[in-house]
Amino acid sequence: MNMFPSFLHSRKLIQYKNNLFKKWAMYWKIFYTDYANVGIRTYQDCVANPLRSGLTLTTAWGVYYIKSHNPDKLSYLSAIINANNYFTLISSSVRNPSTSEYLRMINNSLSQGIVRYFSCGFFSIAWIDEYDDIVSVYKRQCRYLTISWMALPDTIMAFHKISVGTIMTLSRLLSTLGRKANNAGISKFENLAVLQKLKGQTSLSSDQWTNLRKEIMETDMPSAANAVDTTILQFCSHTENFELGKSCMKYLRENNYELNPALVGVYFKLLYRNKDTLTEDEKQEILSIYNDLRLKYPLLDATTAEYCVMVISLTEKWLDVIELLEMIKISCNAASRAYNAAISAAFNNGDSELGWKLLHDMVKIKRVPSSDAYIAYLNYCLQNFEKPQDRVQEIEKLFNFFTQYCLSPNEDVVNQIATIFTKLGWVANTGTVDLSGTCCTCNHTLSPPSITDEEFSHLSKTVLEKGLVGQDAYKKSSPAEVRKLINFVNKTQPYDIVIDGLNVAYTNNKNMAGPRNLASLVRSCLDKNQIVLVLGRKHMLKWQREHITYIKNNSFLFLTDNLSSDDPFLLYATLVSGPKTNFVSSDLMRQHKFLMGDPMLEKIFKLWQMSHQCFVKFNKSGKLTFISPLKFSPTAQKGKRCWHIPYGCETDSLRESFEPPTAWLCLVEPKSFCK
């Protein structure tokens, strides 16, 4: 009785499985029949309409090819590097000036971090933005100030003035290097297990090096012998294995392998990182490799030339650094590390005139001297000047250099300066300077930043010519709007304070408190009986009626178009109003300082800015904190019989902040106390 249901259930299960298999067979049969019919009909259509079919297939293949060969950002950067290298091989007499200017523009933009890349799938766009990604000032936040799609063609690199031949060359490089970049393989070698065998090794035999190279090439890229050697040296540099790197180079030279510029550059970089341990024999080896390289490659690419500068500065042939620095200038400005090595070599070899020339040259192109360069000069003074008075006089040249370019040495340099002056009988102390400019150690009051009437007049004229009516200003404004501002300022000046309305409203305030805060600042200025000019944009009229009405009724209000740049207007109104007018903005105006074009004029602009720019802060409840301009210049200063030098832990960038330094070195002449 119990077996009948089980038998019936098994029979139904078998029938179900058979039906399932039949359905699957039927599905695949229909699937095959449908696509076979599609294939047959497609073939018949191609035969009947060969022109249309060929055009369709060509278009489809073209779309696939373009998408698969769309260059990425690495390809673009590689193309620029190669373009720079190729350009250095062309005689200066036949170079296209527009090409030279274009490459220089790209190199400067890359170093400033303002080059942007965007892939559209089938093609890519590289353009120049206004700010680095790390910048978070108001102009990066407000959507009205971002580059519009209509203005994008003016910022795309390919639309800048450049010869057609150069565009075609760069286009070919972008397309070909897009394929090569993925196959370069250099970075892949560092992750190969075979390289892990080198850890802990200081030397390999000739047979071991041969087997290692063969193993690497067979593993990944059999044709990239030079890439293998370069990567092995990069691995040595990364692991700081100085001895293993020397062993590798010895093997390559003994077996007459070709030493290309990239390979030599990596090796020189490794040597320079261990410069304090180099022997005379190793320095002679450097000269031998360098001489062979220059015989084969009279012109070097910028990166290799920089590494050559660094190691040649340690040898008896150190004067070659001048030729190498000039070679680098063909395509770009040399990096700080190259200049610092050359400067240290000049002072270490007693050529102070050359050392000072290079110091001024590097700062003028926004490169910052390192502690090695400063200490080399201090050692030069100790070795060449015995009399205390002469020694102090020479070291004061360095202090004046700090003042001229608003530089701050680091703690290592300050400690050596303090040691030298202490031995000369001076009183050396480190301390602070309060907001009034008074030294906590000797009570000396530092002098405020100031410029002469002649310098102020020259600065005002330059801002008008380059910042307001120059070509750059018209890219974000119009002649009619500029004339409107000039007439407005001429009728309403002078002012006590000029306010960047949107900057004040939205700096650190991404909510509706912005209009209220701007009105609060205007109210605070009125309480001080100050005449106020507020610069803004027309969309401010959409603010809450209460706040915008108060601002209009209690200040002079000038509104520009929503896409116009108001910074030149702010500077112009402040300067034309007179030397006693201050302005409020959190923008450090770096781009306008660079428009000056003259290093001394840039310094005048910065001194004026430090003594006239005010800042404001608002807390969550809207309470206003007004920060007046510094009452003293935050640079090295000489008193009647003393020196005060600001210092810090970083020396990798020029000082742009106007916040007072937190640490100062106070040097007081013997038996005197400055007041």
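So, how was this worked out
- Residues numbered from 1 in each chain as written.
- Predicted model: local features only at pLDDT ≥ 70, side-chain atom pairs only at ≥ 80, totals over all residues.
- Heavy atoms only, no water.
- Helix = DSSP H or I, 4+ residues; strand = E, 2+ residues; numbered from the N terminus.
- Buried < 20%, exposed > 50% of the residue type's maximum accessible area, 1.4 Å probe, protein only.
- Disulfide = S-S within 2.5 Å.
- Phe/Tyr/Trp six-rings, centres within 6.5 Å; stacked < 30°, edge-to-face > 60°.
- Lys NZ or Arg CZ within 6 Å of the ring centre and 35° of its normal.
- Pairing = 2+ DSSP bridges.
- pLDDT = per-residue confidence, 0-100.
- Contact = heavy atoms within 4.5 Å.
- Axes fitted to C-alpha atoms, helices over the stretch in contact; angles between N-to-C directions.
- Patch = residues over 30% accessible without salt bridge, like charges linked within 9 Å, V, L, I, M, F, W, Y side chains within 5 Å.
- Areas by Shrake-Rupley, 256 points an atom, 1.4 Å probe, with all protein chains shown as cover.
- Salt bridge = Lys/Arg side-chain N within 4 Å of Asp/Glu carboxyl O.
- Polar contact = N/O pair within 3.5 Å; in protein donor to acceptor, adjacent residues only side chain to side chain.

J.: Give a detailed account of the environment of Ala 126, specifying residues and quantitative values.
T.: Locating Ala 126 in the fold gives a position in strand E2 (residues 124–128). On the basis of relative accessibility, which here comes to 13%, the residue Ala 126 falls in the buried class. Each C-alpha atom of the pair Ala 126 and Tyr 76 lies 8.4 Å from the other, and the pair is 50 residues apart in sequence.

J.: How would you explain the state of the cysteines if you had to name every residue and give the values?
T.: Enumeration over the complete set of coordinates arrives at zero disulfides. For the unlinked cysteine Cys 442, the closest cysteine sulfur is that of Cys 666, found at 3.6 Å. Residue classification places Cys 442 among the buried residues on the basis of a relative accessible area of 1%.

J.: Run through the packing of aromatic side chains, naming residues and quoting values.
T.: Here the structure, examined in full by the defined rule, presents 21 aromatic pairs. A cation over a ring is seen here: Arg 213 above Tyr 257, with NZ or CZ 4.3 Å from the ring centre. The aromatic ring of Tyr 550 is capped on one face by Arg 523, whose charged end is 4.5 Å from the ring centroid.

J.: Please set out the pairing of strand E8 (residues 613–618) residue by residue, giving values where relevant.
T.: Direction of pairing for strand E7 (residues 582–584) relative to E8: parallel, over a ladder of two bridges. From the neighbouring strand, Phe 583 faces E8, where its bridge partner is Gln 613. Inspection of the sheet shows E8 paired to strand E9 (residues 624–627) by four bridges, in the antiparallel sense. Residue Val 616 lies in a different strand from E9, and its bridge partner there is Phe 626.

J.: Can you tell me about the confidence of the model for the chain, naming the residues and giving the values?
T.: Taken residue by residue, the chain gives an average pLDDT of 77. The fraction at 70 or more is 76%. Between residues 222–226, whose pLDDT stays under 50, and residues either more than four places distant or in other chains, the model counts five contacts. With pLDDT under 50 throughout, residues 471–475 is counted as low confidence; its partners more than four residues away or in other chains account for seven contacts.

J.: I'd like a rundown of the sheet that holds E9, residues and numbers included.
T.: Here six strands make up an open sheet; going across it, the order is E6-E5-E4-E7-E8-E9 and the pairing mixed. Taken across any chain shown, the strands that pair with only one partner, and hence form the sheet edges, are strand E6 (556–560) and E9. Between one strand and the next, the sheet's axes are offset by a mean angle of 20 degrees, whatever the strand orientation. Here strand E4 (residues 497–500) runs beside E7; their pairing, made up of three bridges, is parallel. Bridging from a neighbouring strand, Ile 497 pairs with Asn 582 of E7. Most of the contacts of helix H25 (residues 513–527) go to E4, to which it runs at about 175 degrees, and overall it touches E4, strand E5 (532–537), E7, E8 and E9.

J.: Give me the lowdown on a nonpolar patch on the surface, citing residues and values where you can.
T.: A contiguous nonpolar patch, built from Trp 24, Tyr 27, Trp 28, Phe 31 and Tyr 35 and spanning about 610 Å² of accessible area, is present on the exposed surface. Tracing the backbone through its elements, the reader meets Tyr 27 in helix H1 (residues 3–48). A relative accessible area of 44% places Tyr 27 in the partly exposed class.

J.: An account of the side chain of Arg 294 is needed here, citing residue identities and associated values.
T.: Among the structural elements, Arg 294 can be located in helix H13 (residues 280–296). Judged by relative accessible area, Arg 294 falls into the buried class, the value being 16%. At 2.8 Å, the side chain of Arg 294 and the side chain of Glu 323 are in polar contact. When residues no more than four places from it in sequence are discounted, the contact partners of Arg 294 are Leu 300, Glu 323, Leu 324 and Met 327.

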